[in-house]
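Observations on the model geometry
The residues making up each chain are set out below.
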Amino acid sequence: MTAIVIGGGLAGLIAAYRLKQHGVEVSVLEASKTVGGKIGTRKVGGEPFDIGANTVLESNSAIQKLIADLGLQSEMLFASPQANTRWIVKRGKLVALPTAPLAFLTTPLFSLGAKLRLLCEPFVPKTTREETIAEFATRRFGKEILDYAINPFLIGTYAAKPEDLSARSAFKALSEWESRYGSVIKGALTHAKATKQQPKSYSGKMFSFAGGFYTVIQKLSAALGASVERGAEVQDIQRENEAWRVFYIQQNEMKSRTATHLVFATPADVTASLIQPIDKTVADSLAKIPYSPVAQVFLGFTREEVEPPQGFGFLVPEKEERQILGAVYNSTIFPSRYQTVAFTVFLGGSRKPELVKYSDGTLIEVATAELQSILNIKARPVVESVAKWERAIPQYRVGHADILAKVAELEAKEKTLAFVGNWRSGISVPDTIAQAEEAAKRLLAANP
């Protein structure tokens, strides 16, 4: 068995790493000069600017096992308890997001009417129709919960509007709880009770590393060594007897490799273009998956001028009509990593996609002004940097499950192919890791 992994982001590197562990001769073809996809850590004025993943949740056994296998457990930095509170902007002020029943009853974030409406959720009839999250949340929880809880949550995860996402695909657990129990609240309580009784090998805590999550990328890259080819842009894929031949350009030279198995670990649109000769129907479906644009602006202020805020950060509901989506308090979450009071501000998304086209200087000015207004900061940042992507996060729209079903059908038919990426089974880092691990296992099991 031999394998070619197309794409050297997190999913591709993990799939290659697991295959190589089992003695598979593997090659990773990465089009850019660096691996890691959208995950990176950039030093700016001596401060670490985490691009992509600011924090990661140790939320499944796959991520726990990967960290252990890479020998990184002793280097994990867990988030400070000072970062436990999440804030929501309401009428220009920060209000703590309630995380317990009593806090929900007393919070000023929601009106009495909204609280009473939520208590009616167990009596709301369920539906079998595929809904957007806006439709699902309004029907089950009411408009105010949609506006000041669901809307900011989605802008902080998918950088998307609830009107644009499928409840069945992007709110999978909640949708399943409604289907199974007739109530999201009842399902959440049942799930929490069952989860509490199950032993776990992982902590469920937020963590990173002194060098950011890019430390994991570096370890994976080192473990794969010469198996990773950078600057290798795949042009074509052809069947050759019982193998696949992959043609790619590297340093202006056309090259090719053959392997018995292929792993596609590229964004949906790239994957679509590559598999057109293999399965046009699946390719056309993947090409329909849209992505939201995102800009990250890193700002560091001197500790003499700015007091470190308490909490993880804040999210901005669309009704607040602000220019930013939210901000993360980097130096509060991981105080040992920063000399400044550091923030990462997020802009763009499907809410204001045009902002990502702005110059870095303009984005810095917009982010600084908004941060100053919301947090009452008078100082100017002494550290500034920007990262932006016009295609940052895949959007799980209505019909997304049908696209994934077609991909699964192709894998069942062509057992030497595997598809991984955050467009498939969750956009989080732990979800991506688990998915890549499963893909490697499936290929190995099909080739005993």
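Treat the numbers as computed from the prediction; the structure is a model and nothing was measured.

Take the overall build of the protein chain next. A count of helices and strands for the protein chain gives 16 helices and 20 strands. Taken over C-alpha atoms, the radius of gyration comes to 23 Å for the protein chain, in line with the 22 Å a tight globule of 448 residues would show. C-alpha atoms of the protein chain, sized along the principal axes, occupy 70 × 55 × 45 Å. Out of the 448 residues belonging to the protein chain, those deemed buried represent 54%. Long-range pairs, those at least 24 residues apart, make up 69% of the contacts in the protein chain with a sequence separation of at least 6.

It is worth spelling out the sheet that holds strand S14 (residues 261-264) at this point. The strand order S10-S2-S1-S14-S20 describes an open sheet built from five strands, whose pairing is parallel. Edge positions in the sheet fall to strand S10 (228-230) and strand S20 (417-419), since each has one partner strand and no second. Shown here is a sheet whose adjacent strand axes are inclined to one another by a mean of 15 degrees, direction ignored. Pairing analysis gives four bridges linking strand S1 (residues 2-6) to S14, with the strands arranged parallel. Bridge pairing links isoleucine 6 to phenylalanine 264 in S14.

Another point: the packing of aromatic side chains. For the structure on display, the rule yields 14 aromatic pairs. Ring geometry for phenylalanine 314 against tyrosine 329: centres 6.3 Å apart, planes inclined by 65 degrees, an arrangement best described as edge-to-face. Taken together, the positions of phenylalanine 314 in strand S16 (residues 313-315) and tyrosine 329 in the loop between strand S17 (324-328) and helix H13 (330-333) put the pair 15 residues apart, joining distant regions of the chain. Residue phenylalanine 314 is classed as buried on the basis of its relative accessible area of 1%. A relative accessible area of 1% places tyrosine 329 in the buried class. With 5.7 Å between their ring centres and 90 degrees between their planes, tyrosine 329 and phenylalanine 343 make a pair best called edge-to-face. With tyrosine 329 in the loop between S17 and H13 and phenylalanine 343 in strand S18 (residues 341-348), the pair connects residues that are 14 residues apart, well separated along the chain. As far as burial versus exposure is concerned, tyrosine 329 and phenylalanine 343 are alike and both buried. Here a set of aromatic residues connected by ring pairs shows up, and it is made of Phe78, Phe207, Phe209 and Phe213.

Let us look at the nonpolar core. Counting residues in each nonpolar core, the largest one holds 44 residues, and the members touching the most others are Leu10, Phe213, Val216, Leu220, Val429 and Ile433. Put simply, the parts of the chain that give this core at least two residues each are S1, helix H1 (10-21), strand S2 (25-30), helix H2 (61-69), helix H10 (214-224) and helix H16 (429-445). Formed by 41 residues, the second largest nonpolar core is a distinct cluster that contains Ala137, Phe171, Ala342 and Ile393.

For the rest of this paragraph, the subject is the sheet that holds strand S6 (residues 77-78). Across the sheet, three strands lie side by side as S5-S9-S6; this open sheet has antiparallel pairing. In the strand order of this sheet, the two ends are held by strand S5 (56-57) and S6, each with one partner.

What follows covers a nonpolar patch on the surface. A contiguous nonpolar patch, built from Leu112, Leu116 and Leu119 and spanning about 330 Å² of accessible area, is present on the exposed surface. Following the sequence through the fold, leucine 112 ends up in helix H4 (residues 112-119). Residue classification places leucine 112 among the exposed positions, given a relative accessible area of 62%.

Looking now at H16. Along its 17 residues, H16 runs 24 Å from first to last C-alpha, staying within 8% of the 24 Å computed at 1.5 Å per residue. Those residues of H16 not exposed but buried are Val429, Pro430, Thr432, Ile433, Gln435, Ala436, Glu437, Ala439, Ala440, Leu443 and Leu444.

Let us look at the environment of lysine 406. Note that lysine 406 resides in helix H15 (residues 400-413). For the pair formed by lysine 406 and serine 227, sequence separation is 179 residues and the distance between their alpha carbons is 30 Å. In this structure, lysine 406 is in contact with Thr281, Val282 and Ser285, ignoring residues within four places of it in sequence. In this structure the side chain of lysine 406 is engaged in a polar contact, spanning 3.3 Å, whose partner is the side chain of serine 285.

Bringing the packing of H2 against H16 into the picture now. Interaxial distance between H2 and H16 falls to 8 Å at its minimum, and their mutual angle equals 80 degrees. In terms of orientation, H2 lies roughly perpendicular with respect to H16. Packed against H2, whose contacting residues are Ala62, Ile63 and Leu66, the element H16 presents Val429, Pro430, Ile433, Ala434 and Glu437 at the interface.

Once that is clear, we can look at H4. Here H4 has its buried residues at Ala114, Lys115 and Leu118. Buried residues of H4, viewed axially, fall in a sector of 100 degrees; they line one side. Among the exposed residues of H4, those pointing more than 90 degrees away from its buried face are Leu112 and Leu119. Tucked into the core, H4 has its buried residues touching helix H3 (101-106), helix H5 (133-141), helix H6 (143-157) and helix H9 (184-197).

Relative to the elements of secondary structure, glutamate 321 occurs in the loop between S16 and S17. With relative accessibility at 69%, the residue glutamate 321 sits in the exposed group.

Here we take up the side chain of lysine 115. Position of lysine 115 among the secondary structure elements: in helix H4. Buried and unpaired, lysine 115 has glutamate 144 as its nearest opposite-charge partner, separated by 8.2 Å. When neighbours within four sequence positions are excluded, lysine 115 is seen to be in contact with Phe104, Leu105, Thr106, Thr107 and Phe110.

Cut-offs and rules
- Chains are numbered independently. Their residues run from 1 in the order of the written sequence.
- Per-residue local features of the predicted model are confined to residues with pLDDT of at least 70, and side-chain atom pairs are confined, for both listing and counting, to 80 or more; whole-chain, interface and lining totals are unaffected and use all residues.
- The basis for the side-chain values is all heavy atoms of the structure; hydrogens and waters are excluded.
- The secondary structure listing takes helices from DSSP runs of H or I that are at least 4 residues long and strands from runs of E that are at least 2 residues long, numbered from the N terminus.
- We take the radius of gyration over the C-alpha atoms and set the globule estimate at 2.2 Å times the residue count to the 0.38 power.
- Per-residue accessibility, obtained with a 1.4 Å probe over protein chains only, is compared with the maximum for each type, and a residue is labelled buried under 20%, exposed over 50%, and partly exposed between these values.
- A contact between two residues is defined here by any heavy atoms of the two lying within 4.5 Å.
- Pairing between two strands is assigned when DSSP locates at least 2 bridges connecting them.
- Lines fitted to C-alpha atoms define the axes, with helix axes restricted to the stretch in contact, and inter-axis angles between N-to-C directions lie between 0 and 180 degrees.
- Only Phe, Tyr and Trp rings take part, Trp by its six-membered ring, and two of them pair if their centres are within 6.5 Å. Stacked means planes under 30 degrees apart, edge-to-face means over 60, and tilted covers everything else.
- Note on terminology: a nonpolar core comprises buried Ala, Val, Leu, Ile, Met, Phe, Trp, Tyr and Cys residues joined through side-chain atoms within 4.5 Å.
- A patch is a set of surface residues, each over 30% in relative accessible area and not in a salt bridge, joined within 9 Å for like charges and within 5 Å for the nonpolar side chains Val, Leu, Ile, Met, Phe, Trp and Tyr.
- Throughout, the Shrake-Rupley method with a 1.4 Å probe supplies accessible areas, and for residues the shown protein chains are the sole cover considered.
- Salt bridge, as applied in this entry: a Lys or Arg side-chain nitrogen positioned within 4 Å of an Asp or Glu carboxyl oxygen.
- To estimate how far a helix should reach, multiply one less than its number of residues by 1.5 Å.
- Two N or O atoms form a polar contact when they lie within 3.5 Å of each other; inside protein one atom must be a possible hydrogen donor and the other a possible acceptor, and for residues adjacent in sequence the pair counts only when both atoms belong to side chains.
- Reported orientations rely on four angle classes, namely roughly parallel under 35 degrees, roughly antiparallel over 145, roughly perpendicular from 65 to 115, and oblique for the rest.
- The arc in question is the one spanned by the directions pointing from the helix axis to the C-beta atoms.
- Charge assignment: positive for Lys and Arg, negative for Asp and Glu; neither His nor the chain ends contribute.

Without other data, these values stay purely geometric and don't point to any function.
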